[in-house]
Amino acid sequence: MFKLEARPQPSRLMSLASPLLALLMTVLLGIVLFVLLGKDPARGLQMFFWEPIKSAYALSELALKATPLVLIALGLAVCFRSNVWNIGAEGQFVVGALAGGWVAMQADAQSVRGLIVPLILLAGVAGGMAWAAVTALLRDRFNANEILVSLMLVYVADLLLGWLVYGPWKDPNGYNFPQSITFLAVTKIPRLFDGWRVNIGVLIALGAVGAFWVLLFRTYAGFALQVGGLAPAAARYAGFSSRRALWMALLLSGGMAGLAGALEAAGPLGQLTPYVPAGYGFAAIIVAFVGRLHPLGIIFSGVLMSMFYIGGELAQSRLGLPKSITGVFQGLLLFTLLACDTLILYRLRWKK
Amino acid sequence: MTADMESYALLIAASMNAGTVLAIAALGLLINERAGIVNLGAEGMMLVAAIAGFATAVHTGSDVLGFLAGMVAGGLMAAAFGLLVIWLNTNQYAAGLALSLFGTGFSAFVGIGYTQEKLGPRPHFDLPFLADLPWVGGAFFRQHPIVYLAIALTAALAWFLYRSRPGLVLRAVGESPESAHALGYPVRRIRLAAVVAGGALCGLAGAYVSVIYTPLWVEGMIAGKGWIALALTTFATWRPARVLLGAYLFGFVTMLQFHLQGQGVQVASQFLSMLPYLATIVVLVLISSNASFIRANMPASLGKPFFPGS
């Protein structure tokens, strides 16, 4: 039988190889799934790994979908590194979209793009932060488990969105559909190229990657956060405040999720509907882990997860498979990743 | 008897029914938490069990087979989770999350063909004589057998944990796996058994939702009940009887919205639907603010990996 044997120190190689191994296993399981469903596996893989990158336009769509994932995952990486389990990013995303959307709805003919767009994004950040602050406050003040509180707030945020688009924010000329007015053109997040949906959100995400890298690896605050996550006792001894870390991690990740929500609402969506929550907040958890909680890794895993989303949509339109196949692959990827991660700390030994 | 009284009887019956879902899932989670394992995958297991149970009930026409299918589905998923966290030492939070995310996607994927399906007429169960009693009959004695099973399960689990030797061993594994290991107990196998039992009960709860409680299949239909069940174990400070009472309380909060709407309360339905989620947060805040109280009741090794011979 195989036995696990602790390595003298964690393997750096395995830490990088594990996501690739997990991807390989997910692809193999995907092939099995396609065969079981009677679909040509080659066609299936083509939808996921070739179609999303085969043209400049396809790449622009890939970048568009990767943007919210990367933004949210950056914040979550800080959380998970400091051992704060914020899994309610989906709710913070929705509240960010609501706050940004509210600003966008206030725009009129006199609005200036250079002013309203930054306001929308700031409102999104503030909304996401406020939603995450509830979790931080209840954790800090009352010791309430942040996993459950942040998750419950996802349902509350979804219902809040539902109330607004079915009630006070419903478009009076919208044929009674549950949706807000279409935001004025002036509020649109500026696009990078004419005719393509990809917008400056991509640049913001890339800038955020750099900022988070600096924060995590070049600042004292980032260092203190991570010590708190790795060795709480050492952090206490060093005088790093765990409360500060909790608030910082939750506010940062809430703000990032809210920013992603505002970019989505005033970007590709252009109005608020019950379909604002698209699962990005949950998928970003996987993005963060697959990207090794490292800003540069998150770019790659964000693009990969974006391929899963686009591949799922293509599998639906071209192969007649349900779109939810994306969720299956996302879950499988995280599951196999966690299994492979064992090899970072342990090695397999054959034992009789 | 006034119509008002009658509506209260119905509210009690509905609360018990809704609470039963939470109770069965939370009792399952209690078993694996008593053995030291937190499984955040409850929501995912319940979703997969819900579609497995519903599909089986549709094809076989048997509710009982539906429940069994749900239990098998939940048990299998829990076993995969157990192998990861018990043998491969994976972080329990991350692995549980993976299970929930996978379950959400997988159930939506396999359930796509069942959204239009319907089950035959749902059975009615009236306890002889008792069901005909005025008021109490309607409140307590016209329930599905699983509702009574949940009560029996609570009693059985309380007996098992506090009055039987295997129960003592299970608790020992959750309090101090090192000591249990030193005494020669197979800690990891006991933990796996507890995790699988927990998954099977979550599965039963999930199948009950799709076969009896709201007999249909909709994507994401568990709607957070798995997460609420997780909160319930903390709320109940890991005691079976308190789990059951807490579950009924949450069942009541869930049903209150329909009762209030029936009474013509002028609040948007979305706010009433928030009640169970907000109640969970409030309860967590109330119970957790006394940190030493929680620590005194929590299984001492909850969430901590155990790796013999390292």
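The structure presented is a predicted model; accordingly, all values stated were derived computationally and were not measured.

Another point: the overall build of chain B. A count of helical and extended segments in chain B gives 14 helices and 0 strands. For 310 residues, the compact-globule estimate of 2.2 N^0.38 gives 19 Å, and chain B sits close to it at 20 Å. C-alpha atoms of chain B, sized along the principal axes, occupy 65 × 45 × 40 Å. Sorting the 310 residues of chain B into buried and exposed places 50% on the buried side. Expressed as a percentage of contacts within chain B between residues at least 6 apart in sequence, the contacts between residues at least 24 apart total 79%.

Glancing now at the overall build of chain A. Secondary structure assignment for chain A yields 13 helices and 2 strands. Its C-alpha atoms give chain A a radius of gyration of 21 Å, within 12% of the compact-globule value 20 Å for 352 residues. The principal-axis extent of the C-alpha atoms belonging to chain A is close to 75 × 60 × 35 Å. A buried classification covers 51% of the 352 residues belonging to chain A.

For helix 13 (residues 325-345) of chain A, built from 21 residues, the straight-helix expectation of 30 Å at 1.5 Å per residue is met to within 8% by its first-to-last C-alpha distance of 32 Å. With 17 of its 21 residues buried, helix 13 of chain A lies for the most part within the structure.

Membership of the largest hydrophobic core comes to 219 residues, with the highest contact counts inside it found for Ile 72 of chain A together with Ala 25 of chain B. Tallying contributions element by element places helix 9 (residues 187-213) of chain B first for this core, with 17 residues. Ignoring any residue separated from it by four or fewer positions in sequence, one finds Ala 25 of chain B in contact with Ala 42, Met 46, Leu 201, Cys 202, Ala 205, Lys 225, Gly 226 and Ala 229 of chain B.

The partner chain A presents 38 residues to the 38 residues of chain B that form the contact. At the level of elements, helix 4 (92-111), helix 10 (225-235), helix 12 (269-273) and helix 13 (275-288) of chain B are the ones that each hand at least two residues to the side of chain B that touches chain A. With 12 residues, the top contributor of residues to the side of chain B that touches chain A is helix 4 of chain B. Residue composition of the side of chain B that touches chain A, by class: 26 nonpolar, 12 polar and no charged.

For the rest of this paragraph, the subject is the packing of helix 1 (residues 3-34) of chain B against helix 6 (residues 145-163) of chain B. Residue and element names in this part refer to chain B. Between helix 1 and helix 6, the least distance of the axes is 9 Å, while the angle of their chain directions is 25°. By the angle between their axes, helix 1 is roughly parallel relative to helix 6. The hand of the helix 1/helix 6 crossing is left-handed. For the pair helix 1 and helix 6, contact is made by Met 16, Asn 17, Thr 20, Ala 23, Ile 24, Leu 27 and Arg 34 and by Ile 146, Val 147, Ala 150, Leu 153, Thr 154, Leu 157 and Leu 161, respectively. Class assignment of the residues belonging to the contact of helix 1 with helix 6 gives a composition of 10 nonpolar, 3 polar and 1 charged.

Another aspect to go through is the pairing of strand 1 (residues 2-6) of chain A. Each regular strand shows side chains that alternate between the opposite faces of the sheet. All names here are of chain A. Here strand 1 lies mainly on the outside; 0 of its 5 residues are buried. Taken together, the 5 bridges between strand 1 and strand 2 (residues 346-350) define a ladder with antiparallel strand orientation. Paired with Lys 3 across the bridge in strand 2 is Arg 349.

With respect to the secondary-structure elements, Gly 120 of chain B resides in the loop between helix 4 and helix 5 (136-140). For the pair Gly 120 of chain B and Val 58 of chain B, spaced 62 residues apart in sequence, the C-alpha to C-alpha distance is 8.2 Å.

Bringing the confidence of the model for chain B into the picture now. Here chain B averages 92 in pLDDT, and 99% of its residues register 70 or above. Scored as a whole, the predicted complex attains pTM 0.94, and scored at its interfaces, ipTM 0.92.

Residues and elements named next belong to chain A. Closest axis-to-axis distance for the helix 3 (residues 56-81)/helix 7 (residues 201-218) pair is 9 Å, and the angle between their directions is 20°. As the angle between them shows, helix 3 and helix 7 are arranged roughly parallel. Considering how the two elements wind past one another, helix 3 and helix 7 form a crossing that is left-handed. Of helix 7, the residues touching helix 3 (which contributes Ala 63, Thr 67, Val 70, Leu 71, Leu 74 and Val 78) are Gly 201, Val 202, Ala 205, Ala 208, Val 209, Phe 212 and Leu 216. For the contact of helix 3 with helix 7, the residue count by class is 11 nonpolar, 2 polar and no charged.

Criteria and cut-off values
Residues numbered from 1 in each chain as written. Chains lettered and ligands numbered in written order. Predicted model: local features only at pLDDT ≥ 70, side-chain atom pairs only at ≥ 80, totals over all residues. Helix = DSSP H or I, 4+ residues; strand = E, 2+ residues; numbered from the N terminus. Rg over C-alpha atoms; globule rule 2.2 N^0.38 Å. Buried ≥ 20, exposed ≤ 12 C-beta atoms within 10 Å, placed from the backbone. Contact = placed C-beta atoms within 7 Å. Expected span 1.5 Å × (residues − 1). Core = buried A, V, L, I, M, F, W, Y, C linked by C-beta atoms within 7 Å. Nonpolar A, V, L, I, M, F, W, Y, C, P; charged D, E, K, R; others polar. Axes fitted to C-alpha atoms, helices over the stretch in contact; angles between N-to-C directions. Parallel < 35°, antiparallel > 145°, perpendicular 65-115°, else oblique. Left-handed = near helix turned anticlockwise from the far one by under 90°. Pairing = 2+ DSSP bridges. pLDDT = per-residue confidence, 0-100.

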